[in-house]
Every structure is written in C-alpha cells, then in structure tokens.
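# Coordinate inspection notes
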Amino acid sequence: MGGPVTEGDLPDDLTPAEVGMWQAFRNGSVYDLSSGDAIVDDPHGGHPWGPERTVRARIVCWLLLDGPPALAGRVSSLKLSGVQISGALELAGGIVVPYVEMKGCRFERDVLLPEARFTTVRLVNCSVPRLEAARVHTEGDLHLPRCRFHNGVRLTDAHIGTDLLLNQAIVYRDRSGRSIAADGMTVGQDLQAELLESHGELSLRSAKIGVSLSLRGAKLANPYTRLALNAPQLTVGRSMYLTPAGIGSPLLSGATPAQGTRVQRFTCEGGLRLDDGRFGDAVDFEKARFTLTDDQELSLRRIQTPELRFLGEAPARGRVVLSGARVVNLMDRTDSWPGPGRLHMGGFSYENLVPRGPFPLEERLDWVSAATAEYNPEPYERLATVLRAGGEDEDAREVLLAKQRRRRETLPPAAKLWGYAQDWTVAYGYRPGRALVWMAVLWAAGSVAFAHADHPPLKGGEGPHWNTTLFALDLLLPVIDLGQVGFWQLRGGWQWLAAAMILLGWILATTVAAGATRLLRRN
C-alpha cells in the first residue's frame, strides 16, 4: 500500500469507515460519521467513539499525498466530520494539493505538519493533542477555530498565505511552557484569535501580520512564567486589538455586538511584551484587564504606532513601561494609568493627547509625576511641548513650573531655599504678571522709605529736585536712566537698600521680559 492508486483501485485492507472516506475523497463530498447526539458527538467530551467512526492516520496521509484521482467532473478533497483519527497524522515535508477540512473530529495523537505545503487547511472544533507545524506553508488559510490543543501549537516560521484563525480555540502549554509558539511566523492578511483561551506563553516574536491582529475577548493566562504574551519585534500592517468581543454574536470581528449580547473583555494574567513592535494604524487596549505580579510588566518599549489607545484598566500591581515608544496620538483615560513608581516613560514621544473623558491638568501632572520616581525633566518638557502645540500655552507654563518644583526637591538646602524664594516671588518666571506686582510693591515701599533718607547731593548746587518716587523707580528699572540715582549720596543702611532694589529690579525686569517674549512668540 505504498504507490499511487489508479482509478478503480481500492486497497484491500481498508475498514468500512475508511472505504467510505476513500469514496468521499474522490467525490469531493463531506464524509460525516456523526451520530446526531450532541453529547456523544462532542470531540472534547469523554464519550468513546468506536471503530465505526475511526480511520487510521496513515490512510488519511495516503489520500492527501498520493490519493486516487477524482471522479469525472469532481474535485478531490478531504472533508471529514465527526471522525476519529487513530495514530499520528504525519505529513512532514509533504506537498498536499487537495483541500482539507475537518469538523468536530478527534485526533488520538499529534498532528505533525512541519515543512509541509498546503493550499488551505481547516480544522474546526477538533480535539488535538498537539499541532506541530513549524515552517508549514499554506497558499490560503489556516483555520483552527474552536479547536482544543492539549499540548500546545507550534507554528514557528510558518507562512500563512491569507488568514490564520484561532477564534475560540483553547490551547494548553507544552513542556517548554508555551501554548502557541509562532516566532517568525508570517501571515499574509489577518490573524484572528478572538475569544482565544491560552494557558501558557503565547509567543509571537518577530512575527509579521499583513493586515490586523485581533485578540478581542481573548483570555491569556500564564501563572508559570513571567509572560503571557511575548511578542517583541512584532509587525502588524494595520491594527492590533486587545479589546472586548461579543459572545454569541455571529460576527465577532469588528462588529458592534447586538443589544443584549454578552461582552467579554480581553484579559491577561501575566506579563505582556510588545517591545520594538511596528503597527501601521493603532494598538487598542480598550477595556483590557491585566493581572500582574510585582515583577511583571506591560512592556511597550520602543513601539511605533500612529495611535495608542491606552484605555484599559490600570493594573493593580506590576509596571507599565513606555520607554522609547513613539506614537502620534495618545488616547487615554485618567483611570488607565498605574500609580507612582509603576509607570516608566523615559524617552516616550507623543504628538497629540486625545483623552477619553475628563483629564484635568492636575491629574495629567500626577501622571507625569508617577512616571518619574527620580527627577527627569524630559516627560515634563514633552507634555509642555504637546500642550503648547495645541494652543494651551497657559497649561504648558504650569507644566514647566511643576518641573521646576520637582527639580527643587533634588537640590541641596541652600539652593532649595533659593528655589522657594523664586517660586513664591515670580513662580520661576512662568507667571510674569506676578513680577509686575512685586515691582509695583517695591516701588511704592521704596518711595515711602527714601522719603526718610538723608540724601546730600554729591555736588552742591547740581542735580535735579529730590523726588523719592522717581528715585525708587530709577533704582528698580535696569538700563533706563531717569536722571536720579547719580546725583545723591546715601550712607549706611540706605546704600544697602538701594543696592537690593537694583538687584531685585534686574531679576524682576528679566522675568517680565521673558514672559513677554513667550507671549509674543505664541502669538
């Protein structure tokens, strides 16, 4: 039973179930051995299936690799439903031309497809101990919806021509701790894993998805190691969705669930790593929920995407890391970010803030403060730049003032004291109106004080009439000479008072000038 089978030949040792499968293959029709009882027919249940529903894996391989020709006017294909396959289905390195579709089938042993080539493969609601398909190549789809894999799936360096479907699949970890190992995989169009249950590490390192990656409603759980989703250097042509999905809705992908449909959010128990990822449109965390330990991270280091929708629940533990990430639009909510010490944004670049709901400046400053356990001016300057670009110049000044106040806490006592003085008097120059008020107060106080000063002229008979108001103003205004200061002689404490007013005048005038310059630049 090793060579090709010609038309009319039928191997002698086939069981009745295999004879029916052989004939259905030539006819291109569905071979259905279901009993009609949903409990008995459940491939994941414990009800045994007898020999009347069992075919040998080697006969299946024979059909796919060297099967008989199709009947006249037909296209040969393997379409099984409710069938049990005994033995390991091994097609390693094989070239499979017929269309393959198995629904509600039960595999007793592993499915081995490494380096095999297919047109399209569909396993729907099947029970599979393990799928081993490293470097498998399909011209069309690879569909695995509602299947259960008890010892993991391996798709390392696989090439899927169009779509990879894992919707509602349940995958348990293998001996290495991975549920799905798909490092280096290429998918021509969409990878849909909506409502997926992954028990172990889902690994997509350096994978390339042509259009979108959907994990809507998926449940990723890996209490064994640090990462539940390990996908550094992932490339997605358009968007990655870690968002809710409607349960029971026939249209899972992207459609708004019908009214009354139960919605399941994306949940992740374990760390998530998307470092160095590239996303053409967006990364969407709408209502995502993360359960992390203290040493686990939601890591988005150096990702690049036009839009980051950080709209999930703030994790109660662990860290959120955005160091080096570059996005255009940051869409977020106040309750999506973790507290102080658990947010890291060094080198995080964004151009526009698009808050979902109210996000007052005070809470935005708390957001920046939470990301800087030690003083770092960069997050403050980035926020100020974005606010100023959006026409919020007053808010930008408040951010830069907050930066100076945060910096002050790192200074030695003397410098800190001087910082408090600057803050109290002129708000580090970011509130120039306050400087004008202080100048007016000093002018009035100086005018009153110098009215009691002894002021003999430097040269008798020369100089203007003594005017305390003009004299105090001349001391305060740098550069401008009102013709008062150089004609009178002050002694003792009055000299010190005059020097102090000159010094304060320079400081306050410089502050006013800087504020006016910023105002003119904005206009």
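See above for the structure.
Below or above, wherever it landed, is the structure these notes cover. Worth saying up front: this structure is predicted, and the values here are computed from it rather than measured.

Definitions and limits used
- Residues numbered from 1 in each chain as written.
- Predicted model: local features only at pLDDT ≥ 70, side-chain atom pairs only at ≥ 80, totals over all residues.
- Heavy atoms only, no water.
- Core = buried A, V, L, I, M, F, W, Y, C linked by side-chain atoms within 4.5 Å.
- Buried < 20%, exposed > 50% of the residue type's maximum accessible area, 1.4 Å probe, protein only.
- Helix = DSSP H or I, 4+ residues; strand = E, 2+ residues; numbered from the N terminus.
- Contact = heavy atoms within 4.5 Å.
- Salt bridge = Lys/Arg side-chain N within 4 Å of Asp/Glu carboxyl O.
- Axes fitted to C-alpha atoms, helices over the stretch in contact; angles between N-to-C directions.
- Left-handed = near helix turned anticlockwise from the far one by under 90°.
- Pairing = 2+ DSSP bridges.
- Phe/Tyr/Trp six-rings, centres within 6.5 Å; stacked < 30°, edge-to-face > 60°.
- Lys NZ or Arg CZ within 6 Å of the ring centre and 35° of its normal.
- Patch = residues over 30% accessible without salt bridge, like charges linked within 9 Å, V, L, I, M, F, W, Y side chains within 5 Å.
- Areas by Shrake-Rupley, 256 points an atom, 1.4 Å probe, with all protein chains shown as cover.
- Parallel < 35°, antiparallel > 145°, perpendicular 65-115°, else oblique.
- Nonpolar A, V, L, I, M, F, W, Y, C, P; charged D, E, K, R; others polar.

So, on to the nonpolar core. Proteins that are soluble and globular tend to have nonpolar side chains buried together. One finds Met102, Leu274 and Phe285 to be the most contacted residues of the largest nonpolar core, which totals 111 residues. Broken down by element, the residue count for this core peaks at 7 residues, all from helix 3 (residues 57-66). When near neighbours in sequence (up to four residues on either side) are disregarded, Leu274 contacts Leu229, Ala231, Pro232, Leu234, Met240, Phe279, Val283, Phe285, Ser299, Leu300, Arg301 and Ile303. Counting 9 residues, the second largest nonpolar core, distinct from the first, contains Ala472, Leu475, Met501 and Leu508.

This brings us to the pattern of salt bridges. By the definition in use, this model includes 31 salt bridges. Across the salt bridge formed by Asp41 and Arg53, the nearest N and O atoms sit 2.8 Å from each other. In this pair, Asp41 is assigned in helix 2 (residues 38-41) and Arg53 in the loop between helix 2 and strand 2 (54-56), connecting sequence segments 12 residues apart. Note on accessibility: Asp41 and Arg53 belong to one class, buried. Residues Arg273 and Asp275 are paired through a salt bridge, measuring 3.4 Å at the closest nitrogen-oxygen approach. Taking the relative accessible area as the measure of exposure, Arg273 reaches 31% and is therefore partly exposed.

Turning to the packing of helix 4 (residues 361-370) against helix 5 (residues 377-389), a few remarks are in order. Remark: helix 4 packs on helix 5, axes separated minimally by 9 Å, with the N-to-C direction vectors making an angle of 145 degrees. The two elements helix 4 and helix 5 meet at a crossing, and its hand is right-handed. Where helix 4 approaches helix 5, its residues Leu361, Arg364, Val368 and Ser369 are matched on the opposing element by Pro379, Tyr380, Leu383 and Leu387.

Take the environment of Gly45 next. Considering the arrangement of structural elements, one finds Gly45 in the loop between helix 2 and strand 2. Distance in space between the C-alpha atoms of Gly45 and Ser127 is 9.3 Å, their sequence separation being 82 residues.

An α-helix turns once every 3.6 residues. As a result, residues three or four positions apart point the same way. Taken across its 9 residues, helix 9 (residues 468-476) has 7 buried, putting it largely inside the fold. Listing the buried residues of helix 9 in full gives Thr468, Phe471, Ala472, Leu473, Asp474, Leu475 and Leu476.

Turning to the sheet that holds strand 5 (residues 89-90), a few remarks are in order. Reading across the sheet, the 11 strands line up as 5-8-12-16-20-24-28-34-38-40-42 and stay open at both edges, with parallel pairing between neighbours. Each edge of the sheet is formed by a strand with only one pairing partner; in this case those strands are strand 5 and strand 42 (343-344). When strand 34 (residues 271-273) meets strand 38 (residues 297-299), the two strands line up parallel, connected through 2 bridges. Of the residues in strand 38, the one forming a bridge with Arg273 is Ser299.

Next up on the list: the packing of aromatic side chains. Enumeration over the complete set of coordinates arrives at 8 aromatic pairs. Seen in terms of ring centroids, Phe348 and Tyr350 are 5.2 Å apart; in terms of plane orientation they differ by 45 degrees. Their pairing is tilted. Note on accessibility: Phe348 and Tyr350 belong to one class, buried. Through pairs of rings, three or more aromatic residues link up here, namely Phe266, Phe285, Phe290, Phe310, Trp337, Phe348, Tyr350 and Trp367. The lysine or arginine in question, Arg364, covers the ring of Trp367, its NZ or CZ lying 4.8 Å from the ring centre.

A contiguous nonpolar surface patch, about 250 Å² in accessible area, is contributed by Leu503, Leu504 and Ile507. With respect to the secondary-structure elements, Leu504 resides in helix 10 (residues 493-522). With a relative accessible area of 35%, Leu504 lands in the partly exposed category.

Next up on the list: the packing of helix 5 against helix 6 (residues 393-408). At a minimum axis separation of 8 Å, helix 5 and helix 6 run at an interaxial angle of 170 degrees. If you check the angle between helix 5 and helix 6, you find them roughly antiparallel. Counting all contacts with helix 5, which are made through Pro377, Tyr380, Glu381, Leu383, Ala384, Leu387 and Arg388, the residues of helix 6 involved are Asp393, Asp395, Ala396, Val399, Leu400, Ala402, Lys403 and Arg406. In the contact of helix 5 with helix 6, the residues fall into 9 nonpolar, no polar and 6 charged.

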